[in-house]
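Examining the three-dimensional arrangement
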Amino acid sequence: MTHFAWIGLGNMGAPMAGNLVKAGHTVTGFDLSEKAVQTAVEHGVTAAGSVAEAVQDADVVITMLPKGEHVREVYTQDGGVFASARQGTLLMDSSTVDIETSQWCHDEAPKHGYRFVDSPVSGGISGAAAGTLAFMIGGEEKDVAEAMEHVKPMAGNVFNAGGATAGIAAKIANNMMLFIAQMACSEGSQLAKHLGLDPKTFWEIASASSGRSWPQQTWYPVAGIIDSAAANNDFEATFRADLAIKDVSLALAAGEKAGLHLEAATLACEQLNRLADEGLGDKDCSLVVKYVTPGRTQEEI
Ligand code: NAD
């Protein structure tokens, strides 16, 4: 049995921590939100009153926070992880953060007497609940091997991505591909309709052909074709547009630093930002489909 501390018990964190509890581990958790803590307690997590209290007896500290700035804050604040966890503790950050923050964690953790791996995830809220997330882990070989064991109760697939920041690099590149592929679904679905194809028939043809992709299978932006699509539910979010903007922006920042021309990702980001500018940042990212058919209502898409 391992004693985990969990900081950030939101949509992802609470069910993930719950799967560790189900596997027989102890999880002491902290979140700024009372409601998040309450949900985590229902998943079997023991509530702590502060970061310090959560981490003080832990063997492993996992953070699942919105952005890089929150991870840096939780590590360095008064009573934070660096001030309160036991020396030698393995720190794992599963948040989706910028490469610089992840590298900062790899640099700073050893200076304070800790080990660190970046351990982001793919698979969404449903994967968090089902314990089928894909983990991509980066760091020192020995620490990655240890982390791979720890995440098993939460994972369907676990990858040793490579050295420091390799996990977060894989996550950012993967999600960039996702949102570009989603744009292909927007345009392909509307063109097929415009050409007079039955939407379901076209979806079946694409599924068996070269238009197949993860968003085509999961987020197809036409109502009544696949159960998991937000299009069935007035584009209520299964993956919020503003979270997608964060992910694509991280990719664009990394690409710019590397001198790459990420033109498709730039366009995907522009469309997602248009949703946010229209006050639709909390809607599903697949609502970008509306830009293919200007003038039509959501119901007509
Ligand atoms: P969320 O907003 O539901 O949860 C984040 C939690 O962190 C919130 O409960 C918030 O109160 C808490 N928090 C913020 N600052 C804190 C602090 N200083 N101390 C303690 N708690 C603090 O977000 P989420 O959907 O659970 O996502 C978490 C991370 O996982 C993000 O980086 C996200 O990009 C990534 N991610 C999300 C998904 C998804 O489908 N939602 C999938 C893969 C990865």
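Computed from a predicted structure; not experimentally measured. (Residues numbered from 1 in each chain as written. Predicted model: local features only at pLDDT ≥ 70, side-chain atom pairs only at ≥ 80, totals over all residues. Heavy atoms only, no water.)

1. Examining the overall build of the chain
- The secondary structure content of the chain amounts to 13 helices and 9 strands.
- Since a compact globule built from 301 residues should have a radius of gyration of about 19 Å, the 20 Å found for the chain is in line with a globular shape.
- Seen through its C-alpha atoms, the chain measures out along the principal axes to roughly 65 × 45 × 35 Å.
- Evaluated residue by residue, the chain yields a buried proportion of 50% over its 301 residues.
- A separation of at least 24 residues holds for 62% of the contacts in the chain among residues at least 6 apart in sequence. (Helix = DSSP H or I, 4+ residues; strand = E, 2+ residues; numbered from the N terminus. Rg over C-alpha atoms; globule rule 2.2 N^0.38 Å. Buried < 20%, exposed > 50% of the residue type's maximum accessible area, 1.4 Å probe, protein only. Contact = heavy atoms within 4.5 Å.)

2. Quick look at the site of the ligand
- With respect to spatial proximity, 24 residues lie near the ligand, and among them N11, M12, D31, L65 and K246 are the closest.
- Contact distances for the ligand include 2.9 Å between an oxygen atom and a backbone N or O atom of M12.
- In the complex, 86% of the free accessible area of the ligand, which totals 830 Å², lies under the protein chains.
- When residues of the shell around the ligand are traced back to their parent elements, those giving at least two are α4 (68–76), α7 (124–130) and α12 (241–257).
- It is α4 that provides the largest number of residues to the shell around the ligand, a total of 3 residues.
- Partitioning the shell around the ligand into residue classes produces 12 nonpolar, 8 polar and 4 charged. (Near = heavy atom within 4 Å. Polar contact = N/O pair within 3.5 Å; in protein donor to acceptor, adjacent residues only side chain to side chain. Areas by Shrake-Rupley, 256 points an atom, 1.4 Å probe, with all protein chains shown as cover. Nonpolar A, V, L, I, M, F, W, Y, C, P; charged D, E, K, R; others polar.)

3. A closer look at empty space enclosed by the protein
- According to the stated counting rule, one finds 1 cavity of 30 Å³ or more in the structure shown.
- For the largest cavity, the calculated volume is near 50 Å³.
- What lines the largest cavity is simply F179, Q182, M183, A268, Q271, L272, C285 and V288.
- Looking at the lining of the largest cavity, the elements with two or more residues in it are α9 (166–194) and α13 (263–277).
- For the lining of the largest cavity, the residue count by class is 6 nonpolar, 2 polar and no charged. (1 Å grid on protein atoms, 1.4 Å probe; cavity = no way out; pocket = protein on both sides within 12 Å on 5 of 7 lines; lining within 4 Å. Points joined across faces, edges and corners; volume = space filled by probe spheres on them.)

4. Some details on the packing of aromatic side chains
- Following the criterion strictly, the structure yields 8 aromatic pairs and no others.
- Pairing W214 with W219 gives two aromatic rings, centres 5.1 Å apart and planes at 80 degrees, and the pair type is edge-to-face.
- When the centroid spacing of 5.7 Å and the interplanar angle of 55 degrees are considered together, the rings of W219 and F239 count as tilted. On the criterion of sequence distance, the pair formed by W219 in the loop between α11 (214–218) and α12 and F239 in the loop between α11 and α12 is long-range, its members being 20 residues apart.
- The exposure class of W219 is buried, given its relative accessible area of 6%. (Phe/Tyr/Trp six-rings, centres within 6.5 Å; stacked < 30°, edge-to-face > 60°.)

5. Let's talk about the nonpolar core
- If you look at the biggest cluster of nonpolar residues, it comprises 54 residues, and the most contacted ones within it are I7, V55, V61, Y75, V81 and L91.
- Element by element, the count of residues in this core is highest for α12, at 6 residues.
- V60, I62, M92 and V151 belong to the second largest nonpolar core, which has 29 residues in total. (Core = buried A, V, L, I, M, F, W, Y, C linked by side-chain atoms within 4.5 Å.)

6. A word on the side chain of T96
- Assignment of secondary structure puts T96 in the loop between β5 (90–93) and α6 (99–111).
- T96 sits in the buried class, given a relative accessible area of 14%.
- If near-sequence neighbours (up to four positions away) are discounted, T96 is found in contact with P66, I168, K171, K246, D247 and L250.

7. As for the environment of Q87
- Considering the arrangement of structural elements, one finds Q87 in the loop between α5 (81–84) and β5.
- For Q87, a relative accessible area of 59% corresponds to the exposed category.
- When the C-alpha positions of Q87 and E100 are compared, they lie 24 Å apart, and in sequence the two are 13 residues distant.
- Discounting residues that sit within four places of it in the chain, Q87 has contacts with H112, G113 and Y114.
- Within the structure, Q87 has its side chain in polar contact with the backbone oxygen of H112 (distance 2.9 Å).

8. So, the pairing of strand β4 (residues 60–63)
- Of the two faces of β4, the one holding V60 and I62 and the one holding V61 and T63 are both buried throughout.
- Relative to β4, strand β1 (residues 3–7) runs parallel, the two sharing 4 bridges. Opposite A5, over in β4, you have V61 as the bridge partner.
- Two elements, β4 and β5, share 4 bridges in a ladder whose sense is parallel. Note that in β5 the partner of V61 across the bridge is L91. (Pairing = 2+ DSSP bridges.)

9. Some points on the environment of V74
- Of note, V74 is situated in helix α4.
- What makes V74 buried here is its relative accessible area of 8%.
- Taking the C-alpha atoms as reference points, V74 and P221, separated by 147 residues in sequence, lie 38 Å from one another.
- The residues touching V74, leaving out its near neighbours within four places in the chain, are I7, V51, T63, L65, G80 and V81.

10. Regarding the state of the cysteines
- Scanning the model with the defined rule gives 0 disulfides in all.
- Here C285 stays free of any disulfide, with the sulfur of C185 as its closest cysteine sulfur at 10 Å.
- Given the relative accessible area of 1%, C285 is considered buried. (Disulfide = S-S within 2.5 Å.)

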